[in-house]
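Structure at a glance
Listed here are the chains, written in short residue letters.
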Amino acid sequence: MMPAPSPVDAYWLDRATALVDWIKVPTQGGAFSFHTPVSIRWFQDGILNVTTTCVDRHAAATPDRVAFFYEGEDETQRQTITYGQLQDHVCRFANSLKALGVAKGDRVVIYMPMIPQAVYAMLACARIGAVHSVVFGGFSAHALHTRIMDCGAKVVITADGGTRGGKVIALKSAVDEAIPETPVQHVVVVRHLGQDIPWTAGRDHDYGDLQKAAAPICDPEPMQAEDPLFILYTSGSTGTPKGVVHTCGGYLVYAAHTMQTVFDPKASDVFWCTADVGWITGHSYIVYGPLSMGTTQVLFEGVPTWPDASRWWQMVDRYGVTIFYTAPTAIRTLMRLGLDPLNTTHRSTLRLLGSVGEPIDPEAWHWYHTHIGGGRCPIMDTWWQTETGGILMAPLDHTHQKPGFAAKALPHIQPVLLDTHGQPTADEGNLCFATSWPGQARTLHGDHARFEKTYFGDFPGFYVSGDGAKRDESGDYRITGRVDDVINVSGHRLSTAEIEAALDDAHGVIESAVVGVPDPLKGQGIYAFVVLASDVMASDALTKDLMDHVRTYISAIAKPDHIQFCDGLPKTRSGKIMRRILRKIAAGESDFGDISTLANPEVVAVLRRTTGV
Ligand code: PRX
């Protein structure tokens, strides 16, 4: 006889059977070790295809239910997509990919604007067992190239272009630039803007033509629970992005579980998560979480301030949005633009609000609560990460709202605060987790050693989030920000090392150091200290060139806000750059503590003078 599962495993197995359709229902819960060799597995004997849960069962039971109300940035571009239609699009696309030779386990890069085909593409990959890797459409050709190479994609799915704030983003030309000398054999192009684009016959394929030719039925590929579902690149403390791997069974269970636990959507709800599918929030709370529950959603290509700052609220009224999930940076931007843009809309359908991506400061919290939610909607300040797959902390008790607190962990999630020696502390420390949950990332693509070192190296036996947190007397958590060399700009996670690599790549730069600096709108801004070669003169033109260089190397979101040229950087005697001091200089602070142990303490005074602090 099989031993009875532990109460925790029983809980997760219950959730797994209640929320997901399985080909073979799992009997095993979690099996994990947070000590080297780190291994994380959930529902190992389960077999499923995630699209059965996210698409087929709703297409069968409620084919006319709306899956998406889509609106382009150009608001005349509107589409209503039912679950029945979603199934047709996904199956045809899955067959199109098969026709291009894509098979189970192959990697497919998706580089798209926020259009319905981005969702179809992800689900079409999942349907046939291919592993998708969505690269945010704002990333440059160089960043796209790096990611294609790392995951070894053989197909890229893109569009001619997208629009953001009235500007055209030329996606197809970025793909053309990114794919030479990569394993990419085929490019599928959605003609979204109808623009003239270069075309490579034999390699490039028109999405519309493929869909017309494809059969509308495609049987879902049976997948082991632990087979990979997707790779999503995120920034870490070094210059190379990390390919976070999520698997089919555990990730889907956790996305569905958190969607239900935190937002509890009903058939009458209209859910709108404003994230881009290029980030984990779009994966978990536009695609897999909401669709697993048959939720009706709004999908929007544009930005909140285009053509003006009332755009989101007009859409909330137009589609009767009841649950709205966004990022603090957007709230702060809209808050600055005042209350006039709110006057033409009522937003009276809203019942629940959400926030994600960075700490929400009490001022933004109150504005969101009072002016957007009419004082009646609880705010779910959800804390989580690309690596956690889904929400780990949220104020589930709606009667207990504390601005700035992500409140408590969800059931069976075990946060601990550790000091620098790995000892538990009562009220402040490194936010770590003592046990696994089904949505936890399993590895970094092609680099399990980096996975072990990054997340379990400092405090063996714990998952280390990289965030600091405080816990108050009621046990509520307040996230204080990253404790590593990662910065969070407008909710986008960027590695200082990656920006430094871009700057160092520019002509004339000897060395650079990048730090985050408080920014009232973006949360953190980017401040770069740059040491130039002796024969290169600092100038405004060079500042602009370096900023443009970072934009083309990574993305516009990584462009430094300030570049300060200097003759040297403060270093320890072992040559390590003292970022703690640079952070203070950038923030205009003057209390640097003891700098006598530096190899070059005189540099600090010079840097202070240069910034005029
Ligand atoms: O620093 C935390 C911050 O965003 C980081 C994770 O970034 P990423 O993997 O890009 O995922 C963003 C969307 C889940 C975290 O390490 N963060 C996320 N949510 C919050 C937050 N900081 C404070 N409060 C939050 N609610």
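A quick note: this is a predicted structure, and the numbers were derived from the prediction, not measured. (Residues numbered from 1 in each chain as written. Predicted model: local features only at pLDDT ≥ 70, side-chain atom pairs only at ≥ 80, totals over all residues. Heavy atoms only, no water.)

1. Digging into the sheet that holds strand E26 (residues 463–471)
The condition is simple: Pairs of strands are assigned from DSSP output, requiring at least two bridges between the strands. A run of DSSP states H or I qualifies as a helix once it reaches four residues; a run of E qualifies as a strand once it reaches two. Both are numbered from the N-terminal end. Helix axes use the C-alpha atoms of the stretch in contact, all axes being lines fitted to C-alpha atoms, and the angles between their N-to-C directions lie in the range 0 to 180 degrees.
Strand order in the open sheet made by the four strands is E23-E24-E26-E27, with antiparallel pairing throughout. Of all the strands in the sheet, just strand E23 (415–418) and strand E27 (477–482) have a single pairing partner and so form its edges. Neighbour-to-neighbour, the strand axes of the sheet open up by a mean angle of 45°, direction not taken into account. Relative to E27, E26 runs antiparallel, the two being bridged by five bridges. What sits directly across from Lys470, in E27, is Arg478.

2. Considerations on the site of the ligand
Using the following cut-off: For this purpose, a residue is taken to be near a molecule or strand whenever a single non-hydrogen atom of the residue falls within 4 Å of it. Polar contacts, as used here, are pairs of N or O atoms within 3.5 Å; protein pairs need one atom able to donate a hydrogen and one able to accept it. Residues neighboring in sequence count only if both atoms are side-chain atoms. Accessible surface area values rest on a Shrake-Rupley calculation with a 1.4 Å probe, where residue burial reflects the displayed protein chains alone. When residues are grouped by polarity, Ala, Val, Leu, Ile, Met, Phe, Trp, Tyr, Cys and Pro land in nonpolar, Asp, Glu, Lys and Arg in charged, and all others, Gly among them, in polar.
The full set close to the ligand counts 17 residues, and Asp381, Thr382, Thr386, Arg482 and Arg493 are the nearest of them. Between the ligand and Gln385, the relevant distance is 2.9 Å, taken from an oxygen atom to a side-chain nitrogen or oxygen of the residue. For the ligand, whose accessible area on its own is 540 Å², the fraction buried by protein is 95%. Of all the secondary structure elements, the ones that give two or more residues to the shell around the ligand are helix H9 (280–292), strand E20 (379–382) and E27. The class makeup of the residues in the shell around the ligand is six nonpolar, six polar and five charged.

3. Observations regarding empty space enclosed by the protein
Unoccupied space between atoms shows up once a probe the size of one water molecule is rolled over them. To keep things clear, this is the line we draw: In this analysis, the protein atoms alone were mapped onto a 1 Å grid. Cavities are point sets where a 1.4 Å probe fits without being able to get out; pockets are open sets with protein on both sides within 12 Å along at least five of seven lines; lining residues have an atom within 4 Å of a point. Grid points are joined across faces, edges and corners, and a volume is the space filled by probe spheres set on the points.
Summed over the entire model, instances satisfying the criterion amount to four cavities of 30 Å³ or more. The calculated volume of the largest cavity comes to roughly 120 Å³. Along the walls of the largest cavity sit 13 residues, with Met112, Pro113, Met114, Arg164 and Asp276 positioned nearest its centre. Of the residues belonging to the lining of the largest cavity, the class tally is six nonpolar, four polar and three charged.

4. Remarks on the sheet that holds strand E18 (residues 323–326)
Short version of the rule: In what follows, residue pairs with any heavy atoms lying within 4.5 Å of each other are defined as contacts.
Across the sheet, which stays open at both edges, the seven strands sit in the order E5-E4-E17-E16-E18-E19-E20 with mixed pairing between neighbours. Of all the strands in the sheet, just strand E5 (78–82) and E20 have a single pairing partner and so form its edges. Between one strand axis and the next, the sheet turns by 20° as a mean value, whatever way the strands run. Pairing of strand E4 (residues 66–71) with strand E17 (residues 296–300) involves four bridges; the strand directions are parallel. Within E17, the position partnered with Phe69 by the bridge is Val298. Of the strands in this sheet, E4, E5 and E17 touch helix H4 (residues 116–128), which is tilted by about 30° from E5.

5. Observations concerning H9
Short version of the rule: Note on exposure labels: buried denotes an accessible area under 20% of the residue type's maximum, exposed denotes more than 50%, and partly exposed covers the range between, all computed with a 1.4 Å probe on protein chains only.
When you tally the buried positions in H9, you get 13 out of 13 residues, the bulk of the element. Positive backbone phi, approximately 70°, marks Gly294, located one or two places after H9.

6. Focus on the layout of surface pockets
What the second largest pocket holds in volume is close to 930 Å³. Around the second largest pocket, the lining is made up of 31 residues, and of these Ser237, Asp458, Val483, Asp484 and Asp485 lie nearest the centre. When residues of the lining of the second largest pocket are traced back to their parent elements, those giving at least two are helix H13 (448–456), E26 and helix H16 (579–586). Broken down by element, the lining of the second largest pocket gets its largest block of residues, four residues, from H13. Partitioned by chemical class, the residues of the lining of the second largest pocket number seven nonpolar, 11 polar and 13 charged.

7. Considering the packing of aromatic side chains
For clarity, the cut-off: Pairs were defined over the aromatic rings of Phe, Tyr and Trp, the Trp ring being its six-membered one, requiring ring centres within 6.5 Å. Orientation was assigned from the angle between planes: stacked under 30 degrees, edge-to-face over 60, tilted for the rest. A ring has a charge above it when a Lys NZ or an Arg CZ is no more than 6 Å from the ring centre and no more than 35 degrees off the ring normal.
Tallied over the entire structure, the rule returns 36 aromatic pairs. With a centroid separation of 5.8 Å and an interplanar angle of 55°, the aromatic rings of Trp12 and Tyr254 are classed as tilted. A residue pair is termed long-range when its members are at least 10 positions apart, and Trp12 in helix H1 (residues 7–19) and Tyr254 in helix H8 (residues 248–263) qualify at 242 residues. The class for Trp12 is buried, based on a relative accessible area of 0%. The ring of Trp199 carries Arg191 above its face, with NZ or CZ at 4.7 Å from the centroid. Sitting above the plane of the Phe405 ring, Lys402 keeps its charged end 5.0 Å from the centroid.

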